[in-house]
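# Structure at a glance
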Amino acid sequence: MSTVFPEFTVVFEFSPDSLTWLVGRGDVVLSRHCRKHDAVRDAAGRARAHRDAVVLVERMDGTVQCRHRYGRARRHGRR
């Protein structure tokens, strides 16, 4: 049985009036940022608040840039 960790995502959203980086969990948008760096920092802070969590960061084209594990899960994965 595999364990599923809470996953926070950082994804790009294009709309006619703005270019926005969204931090989300599942289908819920938790915050919006103008800069990707700020979105990644926010997602990491949220992930650290959980015992085990993952942050998935996407590029503007939707491909996966990286995945970070926090909490106990990090000790079992790469640093």
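Our subject is the structure that appears above.
Now for a look at the structure at hand.

Here is what the cut-offs are and how they apply
Residues numbered from 1 in each chain as written. Predicted model: local features only at pLDDT ≥ 70, side-chain atom pairs only at ≥ 80, totals over all residues. Heavy atoms only, no water. Helix = DSSP H or I, 4+ residues; strand = E, 2+ residues; numbered from the N terminus. Contact = heavy atoms within 4.5 Å. Buried < 20%, exposed > 50% of the residue type's maximum accessible area, 1.4 Å probe, protein only. Pairing = 2+ DSSP bridges. Core = buried A, V, L, I, M, F, W, Y, C linked by side-chain atoms within 4.5 Å. Salt bridge = Lys/Arg side-chain N within 4 Å of Asp/Glu carboxyl O.

This brings us to the environment of phenylalanine 8. Within the element layout of this structure, phenylalanine 8 appears in strand E1 (residues 7-15). With 15 residues separating them along the chain, phenylalanine 8 and valine 23 place their C-alpha atoms 6.8 Å apart. Not counting residues up to four positions away in its chain, the partners in contact with phenylalanine 8 are Gly24, Arg25, Leu30, Ala43, Arg46, Ala47, His50, Ala53, Val54, Val55 and Leu56.

Before going further, it helps to examine the pairing of strand E4 (residues 52-58). Within E4, seven of the seven residues are buried, which leaves the element mostly enclosed by the surrounding structure. Side-chain alternation along E4 places Asp52, Val54, Leu56 and Glu58 on one buried face and Ala53, Val55 and Val57 on a second face that is also buried. Pairing analysis gives seven bridges linking E4 to strand E5 (residues 64-71), with the strands arranged antiparallel. By the bridge assignment, valine 57 is partnered in E5 with cysteine 66. Connecting E4 to the next strand, E5, in antiparallel fashion are five residues, including glycine 62 with a positive phi near 90 degrees.

In terms of nonpolar packing, the biggest core is built from 12 residues, these being Phe8, Val10, Trp21, Val23, Ala39, Ala43, Ala44, Ala47, Ala53, Val55, Val57 and Tyr70. Listed by contribution, the elements that provide at least two residues to this core are E1, strand E2 (18-25), helix H1 (36-48) and E4. Looking at this core element by element, the count peaks at four residues for H1. Setting aside its immediate chain neighbours within four residues, alanine 43 contacts Phe8, Val10, Val23 and Val55.

The next thing to look at is the pattern of salt bridges. Considering all chains together, one arrives at four salt bridges under this definition. The shortest N-O distance in the salt bridge between arginine 67 and glutamate 7 comes to 2.8 Å. With arginine 67 in strand E5 and glutamate 7 in strand E1, this pair connects stretches of sequence that are 60 residues apart. Looking at glutamate 7, the relative accessible area reads 30%, which means it is partly exposed. With a shortest N-O distance of 3.2 Å, aspartate 42 and arginine 46 are connected by a salt bridge. Here aspartate 42 pairs with arginine 46, and both are found in helix H1, just four residues apart, close to one helical turn. What makes arginine 46 partly exposed here is its relative accessible area of 28%.

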